[in-house]
Structures are given as structure tokens and as C-alpha cells.
Amino acid sequence: MSQAHTLDTSPEGSQGTIVAERNFGSMSILAPLRWSLVVIFVWFGCMKFTGYEAQGIAPLIANSPVMSWMHTLFGIEGASRAIGVLELSTAAALAAGAFVPQFSALGAAMSTATYLITLTFFISTPGVFEPSLGGFPAISAGTGQFLLKDLVLLAASVTLLLASRARLPK
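Residues numbered from 1 in each chain as written. Predicted model: local features only at pLDDT ≥ 70, side-chain atom pairs only at ≥ 80, totals over all residues. Heavy atoms only, no water.

**Observations regarding the layout of surface pockets**
Line of reasoning, step 1. Size it by volume and the largest pocket reaches roughly 720 Å³.
Line of reasoning, step 2. Lining the largest pocket we find 32 residues, and of these K48, I83, E87, T118 and F121 sit closest to its centre.
Line of reasoning, step 3. If you list the elements that add at least two residues to the lining of the largest pocket, you get α1 (31-47), α2 (51-62), α3 (69-96), α4 (101-119) and α6 (143-163).
Line of reasoning, step 4. In terms of residues, the lining of the largest pocket owes the most to one element, α2, which gives 7 residues. (1 Å grid on protein atoms, 1.4 Å probe; cavity = no way out; pocket = protein on both sides within 12 Å on 5 of 7 lines; lining within 4 Å. Points joined across faces, edges and corners; volume = space filled by probe spheres on them. Helix = DSSP H or I, 4+ residues; strand = E, 2+ residues; numbered from the N terminus.)

Given below as C-alpha cells:
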């Protein structure tokens, strides 16, 4: 068994990257997180190349202090395609991370960054909170509930990122 596939639980172990699901024991249960994120990023990434999706995400991008520059630089469809390229790159890094340890942390970090950014849409996008129910904390059935799922996707991403930083044997 190679060193990259075992965990050193001693406090004096050195820090390094590993592939979470290739470990033994309880860490192997992380594989479903990785592969479900891969499916999500492939699916969403491919959708970004359609006019339907470009128009669908346009209000999120336009109101985002983090991403609004993309419409100015690339236009609505160009911004959507650029995001699609980033999402497909994230999927590739996550998938490669199951086999190449260096990509494990990269893919998880890219995924984490994605969901940190999309969760800022809660603050910047009009219509997230439902005024007929008194506003915050009541979220809208459309945009609000769509964005809320990113909280669990962020948790999955952070879990993979933390697992990729587990201790390696000396």
C-alpha cells in the first residue's frame, strides 16, 4: 500500500494533499460528494452555453458586485459561456482529484469559491426575499429557494477541501 493512500493520525504527521475517497475507513464515504459535485458542475457548465441559461442567470450576474463586470466585458451570453468554462474546469479538477492528489484540493477550492460567490447573490439579487411574507427570512419560491441549495453544496465542497488537506505519513 502506498503512502498516499493511508492516513497518519499522529500529531507529528506532515501536512499534504490526499484523495479523500481513496483512503481507508470512514473517509471513503466522501466519494459521493465528489461525484455528485462533478455531475452538477458538468450539467450546469454545459447549460451555460445555451441562451436559455444565459438569460436565466443574467439578473444574478447583473446585480452581483462580484460578477457584474462580466456583462460589460463579455455580454450576457459571453459571460454565461465564461462561467460555463469555469464550471467545466471545476468538474474536471474534481474528477481528476479522485485519481491525482494535487487536483483534489484544486477542484474542491474551485467548488468552494463558486458557492461562496453564488451565496452572495442572496444579498445582491432583488426578489430573493418574499415581501408578501414579510421579507427576510422568508425566501421566494424561485430565486431564493434556488440559491439556498448552494449552502449544502458549499458544505460538500468545504468537506472535500478539508479532506484533501488530511495528514500524510512521514
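**Considerations on α4**
Line of reasoning, step 1. Over its 19 residues, α4 extends 28 Å from the first C-alpha to the last, a length consistent with the 27 Å expected when each residue adds 1.5 Å.
Line of reasoning, step 2. Residues of α4 that are buried make contact with α1, α3, α5 (121-124) and α6. (Expected span 1.5 Å × (residues − 1). Contact = heavy atoms within 4.5 Å.)

**Digging into the packing of α1 against α4**
Line of reasoning, step 1. Taken N-terminus to C-terminus, the directions of α1 and α4 make an angle of 60°; their axes are 12 Å apart at the nearest point. Judged on the interaxial angle alone, α4 and α1 are oblique. Regarding α1 and α4, the two cross each other, and that crossing is left-handed. Contacts between α1 and α4 involve R34, L37, I40 and F41 from the former and S104, S111, T114 and Y115 from the latter.
Line of reasoning, step 2. Its residues placed into classes, the contact of α1 with α4 shows 4 nonpolar, 3 polar and 1 charged. (Axes fitted to C-alpha atoms, helices over the stretch in contact; angles between N-to-C directions. Parallel < 35°, antiparallel > 145°, perpendicular 65-115°, else oblique. Left-handed = near helix turned anticlockwise from the far one by under 90°. Nonpolar A, V, L, I, M, F, W, Y, C, P; charged D, E, K, R; others polar.)

**As for the pattern of salt bridges**
Line of reasoning, step 1. Counted by the stated rule, this structure contains 4 salt bridges.
Line of reasoning, step 2. Across the salt bridge formed by E87 and K48, the nearest N and O atoms sit 3.2 Å from each other. Separated by 39 residues along the polypeptide, E87 in helix α3 and K48 in the loop between α1 and α2 bring together distant segments of the chain.
Line of reasoning, step 3. Since its relative accessible area comes to 9%, E87 is described here as buried.
Line of reasoning, step 4. Looking at K48, the relative accessible area reads 6%, which means it is buried.
Line of reasoning, step 5. For the salt bridge of E77 with R81, the shortest nitrogen-to-oxygen distance reads 3.1 Å. (Salt bridge = Lys/Arg side-chain N within 4 Å of Asp/Glu carboxyl O. Buried < 20%, exposed > 50% of the residue type's maximum accessible area, 1.4 Å probe, protein only.)

Without other data, these values stay purely geometric and don't point to any function.
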